[in-house]
There are 2 protein chains.
Amino acid sequence: MNNLQLWQRYQDWLYYNQDLEFYLDVSRMSFDSAFVEQIKPKFVKVFQDLKNVEKGAIANPDEGRMVGHYWLRNPDLAPNQEFKKDIIDTLEQIKSFTKKIHSGEIHPPNQVKFTDILSIGIGGSALGPEFVADALSDVNPPLNIYFIDNSDPQGIDHIFAKIGDHLKTTLVLVISKSGGTPETRNGMIEAQIAYTQKGLVFSKYAVAVTAIGMNSKLEKQAQEENWIEIFPMHDWIGGRTSELSAVGLLPAALQGIEIDQMLEGAKLMDIATRQEDIKNNPAALLALSWYYGTGGKGEKDMVVLPYKDSLLLFSRYLQQLVMESLGKEKDLDGNIVYQGIAVYGNKGSTDQHAYVQQLREGVPNFFVTFIEVLQDRQGVSAEIEKGVTAGDFMSGFLLGTREALSEKGRDSITVTINEVNPFSVGALIALYERAVSFYASLVNVNAYHQPGVEAGKKAAQGVIELQGKILEVLSNAQSPLTLSELAQKVEETNSIETIYKIVRHLGANNRVTLIKDNFPQLNDLKVALR
Amino acid sequence: MNNLQLWQRYQDWLYYNQDLEFYLDVSRMSFDSAFVEQIKPKFVKVFQDLKNVEKGAIANPDEGRMVGHYWLRNPDLAPNQEFKKDIIDTLEQIKSFTKKIHSGEIHPPNQVKFTDILSIGIGGSALGPEFVADALSDVNPPLNIYFIDNSDPQGIDHIFAKIGDHLKTTLVLVISKSGGTPETRNGMIEAQIAYTQKGLVFSKYAVAVTAIGMNSKLEKQAQEENWIEIFPMHDWIGGRTSELSAVGLLPAALQGIEIDQMLEGAKLMDIATRQEDIKNNPAALLALSWYYGTGGKGEKDMVVLPYKDSLLLFSRYLQQLVMESLGKEKDLDGNIVYQGIAVYGNKGSTDQHAYVQQLREGVPNFFVTFIEVLQDRQGVSAEIEKGVTAGDFMSGFLLGTREALSEKGRDSITVTINEVNPFSVGALIALYERAVSFYASLVNVNAYHQPGVEAGKKAAQGVIELQGKILEVLSNAQSPLTLSELAQKVEETNSIETIYKIVRHLGANNRVTLIKDNFPQLNDLKVALR
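Residues numbered from 1 in each chain as written. Chains lettered and ligands numbered in written order. Predicted model: local features only at pLDDT ≥ 70, side-chain atom pairs only at ≥ 80, totals over all residues. Heavy atoms only, no water.

A. Region of interest: the relation of the copies chain A and chain B. Each copy superposes on the other: chain A lies on chain B with an RMSD of 0.0 Å after a rotation of 180° and an axial shift of 0.0 Å. The superposition operator between the copies reduces to a two-fold rotation axis. Taking C-alpha positions as the reference, the residue of chain A nearest the rotation axis is Y344 of chain A, at 3.1 Å. Comparing interface residues between copies, 100% of those in chain A also lie at the interface in chain B; the contact surface is shared. (Least-squares fit on C-alpha atoms with pLDDT ≥ 70 in both. Contact = heavy atoms within 4.5 Å.)

B. Examining the sheet that holds strand β12 (residues 481-482) of chain B more closely. Residues and elements named next belong to chain B. Read across the sheet, three strands follow the order β12-β14-β13 without closing on themselves; strand pairing throughout is antiparallel. Every other strand in the sheet has two partners, leaving β12 and β13 (512-515) as the edge strands with one partner each. Where β13 and strand β14 (residues 526-529) come together, four bridges link them in antiparallel fashion. Bridging from a neighbouring strand, T513 pairs with A528 of β14. In this fold helix α18 (residues 496-508) packs onto β13 and β14, with an angle of close to 110° to the strand it touches most, β13. (Pairing = 2+ DSSP bridges. Helix = DSSP H or I, 4+ residues; strand = E, 2+ residues; numbered from the N terminus. Axes fitted to C-alpha atoms, helices over the stretch in contact; angles between N-to-C directions.)

C. Region of interest: the packing of aromatic side chains. All names here are of chain A. Evaluated as defined, the whole model comprises 65 aromatic pairs over all chains. With a centroid separation of 5.1 Å and an interplanar angle of 35°, the aromatic rings of F131 and F314 are classed as tilted. On the criterion of sequence distance, the pair formed by F131 in helix α5 (residues 127-136) and F314 in helix α12 (residues 314-326) is long-range, its members being 183 residues apart. There is no split in this pair, since F131 and F314 are both buried. For the pair F314 and Y432, a centre-to-centre distance of 5.6 Å together with 85° between the ring planes defines the contact as edge-to-face. One end of the pair, F314, is in helix α12; the other, Y432, is in helix α15 (residues 422-443), with 118 residues separating them in the sequence. (Phe/Tyr/Trp six-rings, centres within 6.5 Å; stacked < 30°, edge-to-face > 60°. Buried < 20%, exposed > 50% of the residue type's maximum accessible area, 1.4 Å probe, protein only.)

D. Inspection of the pairing of strand β8 (residues 301-306) of chain B at higher detail. Residues and elements named next belong to chain B. Counted residue by residue, β8 has six buried out of six residues, so it is predominantly covered. Alternating residues of β8 divide into D301, V303 and L305 and M302, V304 and P306, and every residue in both groups is buried. For β8 and strand β10 (residues 366-373), the ladder comprises six bridges, and the chain directions are parallel. Looking at β10, one finds that L305 is bridged to F370. Each parallel crossover has a hand, and the one from β8 via helix α12 (residues 314-326) to strand β9 (residues 343-344) is right-handed. (Right-handed = clockwise from strand over helix to strand, strands pointing away.)

E. Region of interest: helix α16 (residues 451-476) of chain A. Under the 1.5 Å per step criterion, the end-to-end length of α16 of chain A is 38 Å for 26 residues, consistent within 8% with the ideal 38 Å. Restricting attention to buried positions, one finds in α16 of chain A the residues G452, V453, G456, A460, V463, I464, L466, Q467, I470, L471, V473 and L474 of chain A. (Expected span 1.5 Å × (residues − 1).)

F. Looking closely at the packing of helix α11 (residues 282-294) of chain B against helix α15 (residues 422-443) of chain B. Residues and elements named next belong to chain B. In contact at an axis separation of 8 Å, α11 and α15 are set at 50° when each is read in the N-to-C sense. With respect to α15, the element α11 is oriented oblique. Considering the relative orientation of α11 and α15, their crossing is right-handed. Contacts between α11 and α15 involve P282, A283, A284, L286, A287, W290, Y291 and T294 on the former and, on the latter, L431, Y432, R434, A435, V436, F438, Y439, L442 and V443. Of the residues that constitute the contact of α11 with α15, the class distribution is 15 nonpolar, one polar and one charged. (Parallel < 35°, antiparallel > 145°, perpendicular 65-115°, else oblique. Left-handed = near helix turned anticlockwise from the far one by under 90°. Nonpolar A, V, L, I, M, F, W, Y, C, P; charged D, E, K, R; others polar.)

G. Examining the sheet that holds strand β5 (residues 170-175) of chain B more closely. Residue and element names in this part refer to chain B. Pairing within the open sheet is parallel, and its five strands lie in the order β4-β3-β5-β6-β7. Both edges of this open sheet fall to β4 (144-148) and β7 (229-232), since each of them pairs with a single strand only. Averaged over all neighbouring strand pairs, the angle between strand axes comes to 20°, with direction disregarded. With four bridges connecting them, β5 and strand β6 (residues 206-210) associate as parallel partners. Bridging across to β6, V174 finds its partner in A208. Packing of helix α6 (residues 153-163) onto the sheet brings it into contact with β3 (116-120), β4 and β5, and relative to β4 it is tilted by some 165°. In the packing of helix α9 (residues 246-254) onto the sheet, contacts are made with β3, β4, β5, β6 and β7, and the angle to β5 comes to roughly 170°.

Structural data, given as structure tokens:
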């Protein structure tokens, strides 16, 4: 196509929504009209699935769950009065709690106000809050936020060192739906120790966000220890779509971010993505483009390139949302399909000086999503050269890169918003939530479960149990044991490699002694309790 | 293979280096002995190329340059006395300058000491320093560091808001080899404005890192304005391999990081990766594994999963090092090859709650590199459960995930270090620098140029020039112009799409007025200067 044909294609396919100040351009995805005609019938099911989900169908059959994140921004759509009341009450609880924290009505022992937040959670309970904090929090927010999103002792120590003297005015949010996520539980216990060491009573600083009445250990503990407050995670909200539930809204509100604007942006985007007309539905346009880009089989990676520093973590947020939702072994009929789309990216134009070399010239195994933000900054920009600002360069880099990729036959989508604010971030989250639902319908997978994550947890639990047996055997051993002796005594001769790795780790942390004759000849290695 | 066969394979292939406290395990890459026999002869060239590079051959033929990052950690290897002296003198200059900054001998006007650093650079002049600061800087370093690594006005404002009152004690490093990188130049000009607005004379706070005697505009400006100091970037150092040159060592030293340890780790790793025996050379083992994993054609992505918070940015650092080096359209003989390996990742076990679902069950288009750190933390860990620490869980998650992937036929490499410190970080950088060189030799591409980046810059410059013409035409126009009128007047009727994008951006920043009758019917859109 020549440039004028491309311009016509741009106009033909441009999606624009005035209320959202939002543009979507899929014209540089090189599908033709035959492809569109071929995929159109599939969208009959897509739109029907959408209606079923929003009406409260069991959209997650494996777990027997409804999928209700769309109700969060429009409680009138909830399938029953109980859910509707839950949503409205939770939002009210968040606002009222936030007011009390900001005013000092709720305050730490012997202190006037809370000054900082320590958020402990992982995966769906961390990536959304981290993205939103980075994108939207003021430099001087009412409360600063820190995250423990891992089980790394050194990382945890680093966070507490950063908090330093502020610990006595730091509010802790422990976020886990099941209350059983090991990393979150570990982070909480490490936090309890840190508070106790400073003579602070942890429960006076602690808030839980967890499933209510579902046997969450976290709920139980928070009740028993009389924590400051408990916020509900509803059964019909999955972790990776929980940013607009208490999981995301509570930390956002505490940081002074306008959560009503986030919800409003999402609500308007939800309305836009209910249009049963592909060309007038931005989520349908995305799903169609992904299907074209990947052959409906994950054949290409989705590279996400926001040209705005404050959207740096959006690609990591989408990585979870897209890959955990779509990366599935089986489809809904039980066929082995190995689905998914790999997602990566950071930000432009920074990445132009990194991997864009490969995007432009190297292996053509991707399509790009540019995210363009029209407003450069609050206030007027100085000129860098006559008539040219730093923001003009940003814009030029994006347009130039899009052209440069296009010339080389590398496809791209461009999402354009006016500025990064709570409203537009809410809209972006809702857009991608819906696009993932649509794409899952297209390729017929359950977007709402994560069996592979459970398997990983189980495997880790097996390692922990094996370690327990090793330590027990070593504590009863008269003399150092070789790896094969150890394997026999713990009755896991098949797991000798894992046993070696466990004792190597214990050795590095001074909990066993490794006698390294002829190392690295592992047959000669001997282990003793320290 | 059953578990015992895998254990044998583990021992057969385990690479261990006592001096480096370093292990490399490629046993879960499922190559067989036939593959090894087939690739072995290719390594004759690989090792010869290495020798040639280190002796000073023109390893980057397009740019007519030597490639000397290996000399930085062992100046005795430099091909001539001049280079050797440059390396030693630069290191001495960094140390002496750092001492003067830390002691206050060099201090800001009217202030006792510098307290903060603002580093302005992009790509190779940012990713390494950012990674090292995140991995190695103390919570309370001698100087805090901030980065401007983009041309985003809002992002720049955000950094200056964070620096706040400290601006008067903030040392600025402007890092650009050519001195002509637009993002860096823009950041510098924005910084000049910020200092001037506070009544501070920019040159009294400014340090340049740039090519000397090569017509760098940055060198010229720093000379003319009498900046505090100028550090050299040598012609034979590329951006993405510059972390152990002044680019990386200067900010590291200022933050109190032991740069001699970084160099020592890299030097020892360089020695290890000179062994002309694949099994005893960790970089050769990596290159061989990458070749197997990707079919030598980028068929699979490299997922990098460090199980340590402080290594979070390592994957982004590697993304540049690997993709910019290997992502090439043509091989050294001029054949079209579309080479490269896509790299992404963040950290474990966090990512297990994100995209590891797809890795385990979804599209099998990747191999994983686990990075394991044996030491959990400084000091003793509390028990989370009887006999189990948070660090044991981290270790268990890694081992469990490796097993879970392996069971599903998904390959992985494991790199193991004892702890994250300047020595091990230096070693990791050197390891991957060499592995990239080796892999480039295997697939016969120039690892040291980046023609696609230049093309992107040119395309952006074209957009900037077009904007200039548009603004000129509008300033002479009697009445608002349609897009096609505007395109005719700037004599770029082919570029009407870009023209629309430019005026949309100018409109959002109040520099032109868009008259939006029938919007989004773009034929009816009219533009006037504001």
